[in-house]
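What follows is each chain in one-letter form.
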Amino acid sequence: MGDDERTPRRDATDRPTRSRDTRDTGRTRRRFIWLTGTAAMAGLAGCSGGGGGATETTTATATTTQSSGSTGGVPEAYATATSLDGTQRNPDSLSSQEAVSYQDEPKDGKQCSTCRYYIEDKNGDGVGACAIVAGEVAPEGYCVSYVEYEG
Ligand code: SF4
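About the criteria used
- Note on numbering: residues in each chain are counted from 1, in written sequence order.
- Two thresholds apply to this predicted model, a pLDDT of at least 70 for residue-level local features and 80 or more for giving and counting side-chain atom pairs, whereas whole-chain, interface and lining totals are computed over all residues.
- By definition, any uninterrupted DSSP run of H or I lasting at least four residues is a helix, any uninterrupted run of E lasting at least two residues is a strand, and each is numbered from the N terminus.
- Partly exposed residues are those whose C-beta has more than 12 but fewer than 20 other C-beta atoms within 10 Å; 20 or more makes a residue buried and 12 or fewer makes it exposed, with C-beta atoms placed from the backbone.
- The contact criterion used here is simple: two residues whose C-beta atoms, placed from the backbone, lie within 7 Å are in contact.
- Nonpolar cores are identified as sets of buried Ala, Val, Leu, Ile, Met, Phe, Trp, Tyr and Cys residues joined via C-beta atoms within 7 Å.
- A molecule or strand has a residue near it when that residue's C-beta atom, placed from backbone coordinates, lies within 6 Å of it.
- For this scheme, ten residues count as nonpolar: Ala, Val, Leu, Ile, Met, Phe, Trp, Tyr, Cys and Pro. Four count as charged, namely Asp, Glu, Lys and Arg, and the remainder, Gly too, count as polar.
- A residue's pLDDT is the confidence the predictor assigns to it, expressed on a 0 to 100 scale.

As annotated in an unreviewed UniProt entry, the protein is High potential iron-sulfur proteins family profile domain-containing protein from Haloferax gibbonsii.

Put into C-alpha cells, the structure is as follows:
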C-alpha cells in the first residue's frame, strides 16, 4: 500500500551536459602552441645543439624554434629589430606574454599593428614581434602595454 507514492526517479536522464567544450578551442590551441614553443625553446637551450632533439614540437612552432632561446622566442631576424617607433628589441629584457595579458585579438579597437612597440612581419608568415614582449606577436593581438603609434 502506498508504495507508488513519491518514488524517486533516478533512472532516466541524469546525464551531465557538455556543450561548451568546443567554444574556446581555437584560442586555447593557439595559446598551447605558444606555450609549447616556449617549452621547446627552454629544452633546446639546455640541449646545447646536440642535433636531432627537437622533433614533434618543432612542427607547430617552426618559426619560434629556429634559433636558440637567446632571441626571446622569435626568429633571429626579430631578435634585435626595431619597432614602429624605433625602439630596439632587447631579447634579455622582455616581458612574458602572460605578464602583459597578451591576447590574439584586438581590444576596443587597439591592436599590435598600431602599437608603437610592434615589429612588423619580416618573413611573410603573418606575425611579427614586439620590442618589449617575448614571443611572436600577431598584428591583431593586444596587450596591456599597448601604446598607440602616432608616427
Ligand atoms: S600591444 Fe603589447 S604585444 Fe602588441 S606590440 Fe604593443 S606592447 Fe607589444
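A.B. asks: Residue-level account of the overall build of the protein, with values.
C.D. replies: Of regular secondary structure, the protein possesses two helices and two strands. For the protein, the sequential pattern of α-helices and β-strands runs α-α-β-β. Burial statistics for the protein: of 151 residues in total, 26% are counted as buried. When contacts within the protein are restricted to residue pairs at least 6 apart in sequence, long-range pairs at least 24 apart make up 65% of them.

A.B. asks: Just give me the short version of unusual backbone geometry, but keep the residues and values in it.
C.D. replies: The backbone of serine 101 sits at a positive phi, close to 55°, despite the residue not being glycine. Even without being glycine, aspartate 108 reaches a positive phi, approximately 50°. As for its placement among the helices and strands, aspartate 108 is situated in the loop between helix H2 (56–60) and strand S1 (118–119). A tally of 7 C-beta atoms within 10 Å means that aspartate 108 is categorised as exposed.

A.B. asks: Hey, could you go over the nonpolar core for me, with residue numbers and the actual values?
C.D. replies: Of all hydrophobic cores here, the largest spans 20 residues; its most connected members are Cys112, Tyr118, Ile119, Ala129, Cys130, Val133 and Val137. For this core, the secondary structure elements donating two or more residues are S1 and strand S2 (129–130).

A.B. asks: Can you tell me about the environment of lysine 107, naming the residues and giving the values?
C.D. replies: In this structure, lysine 107 sits in the loop between H2 and S1. Note: C-alpha distance between lysine 107 and valine 144 (37 residues apart in sequence) is 9.7 Å.

A.B. asks: Any chance you could break down the site of the ligand for me, citing the residues and the numbers?
C.D. replies: Looking at the ligand, there are 15 residues lining it, with Cys112, Cys115, Cys130, Cys143 and Tyr146 nearest. Residues of the shell around the ligand, tallied by class, amount to 13 nonpolar, two polar and no charged.

A.B. asks: Requested: an account of the confidence of the model for the protein, with residues and values cited.
C.D. replies: Do not read the predicted coordinates in detail wherever pLDDT is low. With 54% of its residues at a pLDDT of 70 or more, the protein shows a mean pLDDT of 74. Contacts of residues 11–33 to residues separated by more than four positions or lying in other chains number four contacts, the stretch itself having pLDDT below 50. For the stretch residues 35–68, pLDDT sits under 50, and the model shows 42 contacts to residues farther than four places along the chain or on other chains.

A.B. asks: I'd like a rundown of the environment of alanine 77, residues and numbers included.
C.D. replies: Within the secondary structure layout, alanine 77 lies in the loop between H2 and S1. Accessibility expressed as a C-beta count within 10 Å gives 15 for alanine 77, which makes it partly exposed. Sequence separation between alanine 77 and aspartate 121 is 44 residues, and the spatial gap between their C-alpha atoms is 9.8 Å. Ignoring sequence-local partners within four residues, the contact set of alanine 77 consists of Lys122 and Asn123.

A.B. asks: Tell me about the environment of serine 93, residues and numbers included.
C.D. replies: Mapped onto the elements, serine 93 comes out in the loop between H2 and S1. As a C-alpha pair, serine 93 and alanine 134 span 41 residues in sequence and 8.8 Å in three-dimensional space.

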